[in-house]
Amino acid sequence: MKNNTMKKPVAIPVSKLHPFEGHPYKVLDNEEMNTLVDSIQTQGILSPLIVRPLEDTTDEYEVVSGHRRLHAAQKAGLETVPALIHAIDRDAAAIAVVDSNLHREHILPSEKAFAYKMKYDAMKHQGKRTDITSGQVGPKLRTDEQIAETADDSARQIKRYIRLTHLIPELLDWMDEGKMALSVGVELSYLSHEAQRCVWEECRANDCTPSYSQAFHMKNLYKDGNLSHYEISEMLSQEKPNQRETLKIPMDKLRDRLPQNLSVQQQEEFVLKAVDYYKKFLHRQRERER
């Protein structure tokens, strides 16, 4: 959206603002949100929201950019927020919603997957062309190639992310938690939801996640109509070559001892550092007792 500098923000009641329907980004009540709430309480909203008028209404608006700011404003008790109003259709708004968040520092695989899917669908629907410059029409670009021109991912990687939208929520959560690689999720996305749920249940029963070779093999069996519950169970119950003995600690015993909002990998690093620190403490204590 252009010419923001030509517009002046207006104060819109929070009650008149609605999240963009189906927007792919998660608004979390975490430490970053608490920091944003504190900032808004002391300084107000420094960057206006961008909204569009909702069809068939006179004073209702849909948020295009600023979902986190809106949530923080609600938590801070604000009755109105500054916003720039743009009269754009839903397809243009969907593209703007994606572009305004896609380059965030922290973005989950599921967010990126549904963001690319939303932009892909909107561009296909409006027949958007980005290969027209200075009156010159070049070779027709595929939609994923058009998206890649302004994204941090290649067209091939964008297609791989969009495949993740075919995963069941439980497997998507594993992606977001860092338990499963992108390449594995892509292969599993070709299975039916019933087969995916079987994979998830077998993984939980065997305390494992699929390797790439297992996921690839399951996809090929499924394509040939030969993937049964038995095949999935047999495959996932086998010990992987790189499997090692593990120490299991129930999460409810660690939850109050770990900082909030850490990824699975960060939690593991925190526990290892804590063990190292305690080991050094015991060593120093033994030295003093000698």
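Residues numbered from 1 in each chain as written. Predicted model: local features only at pLDDT ≥ 70, side-chain atom pairs only at ≥ 80, totals over all residues. Heavy atoms only, no water.

Undergrad: I'm lost on the confidence of the model for the protein chain in this one. Help?
TA: It should be kept in mind that the predicted coordinates are not to be read in detail where pLDDT is low. Averaged over all residues, the pLDDT of the protein chain is 85; the fraction at 70 or higher stands at 88%. Residue range residues 129-137 is modelled with pLDDT below 50. Its contacts to residues more than four positions away, or to other chains, number 15 contacts. (pLDDT = per-residue confidence, 0-100. Contact = heavy atoms within 4.5 Å.)

Undergrad: Please clarify how the nonpolar core should be interpreted in this entry.
TA: Among soluble globular proteins, nonpolar side chains are generally buried collectively. The biggest cluster of nonpolar side chains holds 50 residues, and the ones touching the most others in it are Tyr 116, Leu 164, Leu 171, Leu 188, Val 199, Met 218 and Ile 232. Residue contacts for Leu 188: discarding those within four places in its chain leaves Leu 167, Leu 171, Met 180, Gln 196, Val 199, Pro 210, Ala 215 and Met 218. Core analysis: the next-biggest nonpolar cluster, separate from the first, contains 18 residues, Ile 12, Val 37, Tyr 61 and Ala 73 among them. (Core = buried A, V, L, I, M, F, W, Y, C linked by side-chain atoms within 4.5 Å. Buried < 20%, exposed > 50% of the residue type's maximum accessible area, 1.4 Å probe, protein only.)

Undergrad: Can you help me understand the sheet that holds strand 1 (residues 10-13) in this one?
TA: Each strand in a sheet pairs with its neighbour through backbone hydrogen bonds, running either in the same direction (parallel) or in the opposite one (antiparallel). Ordered in space as 1-5-3-4-2, the five strands form an open sheet in which the pairing is mixed. At either margin of the open sheet sits one strand with a lone partner, and together these are strand 1 and strand 2 (17-18). Relative to strand 5 (residues 80-85), strand 1 runs antiparallel, the two being bridged by four bridges. From the neighbouring strand, Ile 12 faces strand 5, where its bridge partner is Val 81. Seen against the sheet, helix 2 (residues 67-76) touches strand 2, strand 3 (49-53), strand 4 (61-65) and strand 5 and runs at an angle of roughly 120° to strand 4. (Pairing = 2+ DSSP bridges. Helix = DSSP H or I, 4+ residues; strand = E, 2+ residues; numbered from the N terminus. Axes fitted to C-alpha atoms, helices over the stretch in contact; angles between N-to-C directions.)

Undergrad: Can you walk me through the pattern of salt bridges in this structure?
TA: Pairs may arise between side chains of opposite charge once their charged atoms sit close together. Inspection of every chain in the model, using the stated rule, returns 16 salt bridges. Its salt-bridge partner being Asp 59, residue Lys 16 comes within 3.3 Å of it at the nearest N-O pair. Of this pair, Lys 16 sits in the loop between strand 1 and strand 2 while Asp 59 sits in the loop between strand 3 and strand 4, placing them 43 residues apart in sequence. Relative accessible area serves as the criterion here: at 33%, Asp 59 is assigned to the partly exposed category. Residue Lys 112 is joined to Asp 153 by a salt bridge in which the shortest nitrogen-to-oxygen separation is 3.1 Å. Here the residue Lys 112 occupies a position in helix 4 (residues 109-126), and Asp 153 occupies one in the loop between helix 5 (143-148) and helix 6 (155-163), the gap between them amounting to 41 residues. What emerges from the salt-bridge pattern is a single network uniting Arg 52, Glu 55, Glu 62 and Arg 90. (Salt bridge = Lys/Arg side-chain N within 4 Å of Asp/Glu carboxyl O.)

Undergrad: Sorry, what's going on with the packing of aromatic side chains here?
TA: Two aromatic rings are characterised by how far apart their centres lie and by the angle between their planes. Under the criterion given, the structure shown has two aromatic pairs. Between Tyr 116 and Tyr 161 the ring centres are 6.1 Å apart and the planes differ by 50°, which places this aromatic pair in the tilted class. With Tyr 116 in helix 4 and Tyr 161 in helix 6, this residue pair connects regions lying 45 residues apart in the sequence. You'll find Tyr 116 and Tyr 161 in the same group, each marked buried. Look at Tyr 212 and Phe 216: their rings are 6.0 Å apart centre to centre, the planes differ by 25°, and that puts the pair in the stacked class. Of this pair, Tyr 212 and Phe 216 are both found in helix 10 (residues 212-223), four residues apart, which corresponds to roughly one turn of the helix. Judged by its relative accessible area of 37%, Phe 216 is partly exposed. (Phe/Tyr/Trp six-rings, centres within 6.5 Å; stacked < 30°, edge-to-face > 60°.)

Undergrad: Would you mind showing me how to read the side chain of Glu 62 here?
TA: Following the sequence through the fold, Glu 62 ends up in strand 4. Overall, Glu 62 belongs to the buried group, its relative accessible area being 4%. Not counting chain neighbours up to four residues away, the residues in contact with Glu 62 comprise His 18, Pro 19, Phe 20, Glu 21, Ile 50, Val 51, Arg 52, Leu 54 and Arg 90.

Undergrad: Quick question: what am I supposed to make of the pairing of strand 5 here?
TA: Sheet faces and side chains relate simply in a regular strand, where the side chains alternate between the two faces. Note that strand 3 and strand 5 share three bridges and pair parallel. Across the sheet, residue Ile 50 finds its bridge partner in strand 5, namely Leu 84.

Undergrad: Can you help me understand helix 2 in this one?
TA: Residues lying three or four places apart along an α-helix face the same way, a consequence of the helix completing one turn every 3.6 residues. When helix 2 is considered as a whole, its buried residues turn out to be His 67, Arg 69, Leu 70, Ala 72, Ala 73 and Ala 76. Residues of helix 2 that are buried make contact with strand 2, helix 1 (31-43), strand 3, strand 4 and strand 5. Count one or two residues on from helix 2 and you reach Gly 77, which has phi positive near 85°.

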